[in-house]
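Single-letter residue listing:
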Amino acid sequence: VQLQASGGGLVRAGGSLRLSCANSGRTFSTYAMGWFRQAPGKRREFVAAISWSGGRTYYSAAVEGRFTISRDTAKNTVYLQMNSLKPEDTADYYCAGAGKPLNYCQALEYDYWGQGTQVTVSS
């Protein structure tokens, strides 16, 4: 399993970015996919998650209403549309995959992780 995250970059406050995460390696029975982020000097925090079969979505309070997680099951890809970005959204963003039921907010319960993609929001 190789999760490849992409789409990060530098954007001004109020702008938008769309992150993608594709599995380019061995497929796995996906139960859910999630996005986490980690800012310098801070702990990794939950951003959003989506159940693979039903598409049910979950968001942190910090991003709800601004970010949208979606998935394309045929492409084994998960997306994170980020709108109305704020400087406090600046972080490395990581995608993660889980092959079994889990607590979506808990990073330790995910089985697979992609490399981070950096998002920088200037004020």
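A quick note: this is a predicted structure, and the numbers were derived from the prediction, not measured.

Student: Help me understand the pattern of salt bridges in this model?
Tutor: A side chain with one charge may pair with a side chain of the opposite charge, provided their charged atoms come close. In total, this model carries four salt bridges according to the counting rule given. Between R37 and E45 there is a salt bridge, and its shortest N-O distance comes to 2.5 Å. On the accessibility criterion, R37 (5% relative accessible area) is buried. The salt bridge involving R37 is made with D89; its shortest N-O contact spans 2.9 Å. A residue pair is termed long-range when its members are at least 10 positions apart, and R37 in strand β4 (residues 32-38) and D89 in the loop between β8 (77-82) and β9 (91-98) qualify at 52 residues. The burial state of R37 is the same as that of D89; both residues are buried. Bridged by salt links that share partners, the residues R37, E45, R66 and D89 form one connected network.

Student: Any chance you could explain the environment of T27 here in plain terms?
Tutor: Relative to the helices and strands, T27 resides in the loop between β3 (17-23) and β4. The class of T27 is exposed, set by a relative accessible area of 54%. In this structure, the C-alpha to C-alpha distance between T27 and N76, residues 49 residues apart in sequence, is 8.3 Å.

Student: Can you help me understand the environment of I69 in this one?
Tutor: By secondary structure assignment, the location of I69 is in strand β7 (residues 67-72). Those residues in contact with I69, other than ones at most four positions away along the chain, are M33, W35, A48, A49, I50, T57, Y59, V78, Y79 and L80.

Student: Honestly, the pairing of β9 in this entry has me stumped. Any pointers?
Tutor: In the case of a regular strand, side chains alternate between the two sheet surfaces. Among the eight residues of β9, seven are classified as buried, and the element is accordingly described as predominantly covered. Where β4 and β9 come together, seven bridges link them in antiparallel fashion. Bridge pairing links G34 to A96 in β9. Summarising the sheet, β9 and strand β10 (residues 112-113) pair through two bridges and their orientation is antiparallel. Within β10, the residue paired with G97 across the bridge is Y112.

Student: What am I meant to see in the sheet that holds β3 here?
Tutor: The strands that make up a sheet are held in pairs by hydrogen bonds between backbone atoms, and each pair lies either parallel or antiparallel. Here we have four strands laid out as an open sheet, ordered β1-β3-β8-β7, and antiparallel in their pairing. On the outer flanks of this sheet lie β1 (3-6) and β7, each paired with one strand and no other. Between one strand and the next, the sheet's axes are offset by a mean angle of 15°, whatever the strand orientation. Pairing analysis gives four bridges linking β1 to β3, with the strands arranged antiparallel. Across the sheet, Q4 pairs through a bridge with A22, a residue of β3.

Student: Looking at this structure, how should I read the state of the cysteines?
Tutor: Here, disulfide denotes a covalent bond that connects the sulfur atoms of two cysteines. Scanning the model with the defined rule gives one disulfide in all. Each disulfide pairs two cysteine sulfurs, and for C21 the partner residue is C95, the sulfurs being separated by 2.0 Å. Note on the C21 and C95 pair: the S-S dihedral is about 60°, so by sign convention the disulfide is right-handed. Here C95 lies in strand β9 and C21 lies in strand β3, a separation of 74 residues in the sequence. Looking at C105, it has no disulfide partner, and the nearest cysteine sulfur is the one in C95, 17 Å off.

Thresholds, definitions, all that
Residues numbered from 1 in each chain as written. Predicted model: local features only at pLDDT ≥ 70, side-chain atom pairs only at ≥ 80, totals over all residues. Heavy atoms only, no water. Salt bridge = Lys/Arg side-chain N within 4 Å of Asp/Glu carboxyl O. Buried < 20%, exposed > 50% of the residue type's maximum accessible area, 1.4 Å probe, protein only. Helix = DSSP H or I, 4+ residues; strand = E, 2+ residues; numbered from the N terminus. Contact = heavy atoms within 4.5 Å. Pairing = 2+ DSSP bridges. Axes fitted to C-alpha atoms, helices over the stretch in contact; angles between N-to-C directions. Disulfide = S-S within 2.5 Å.

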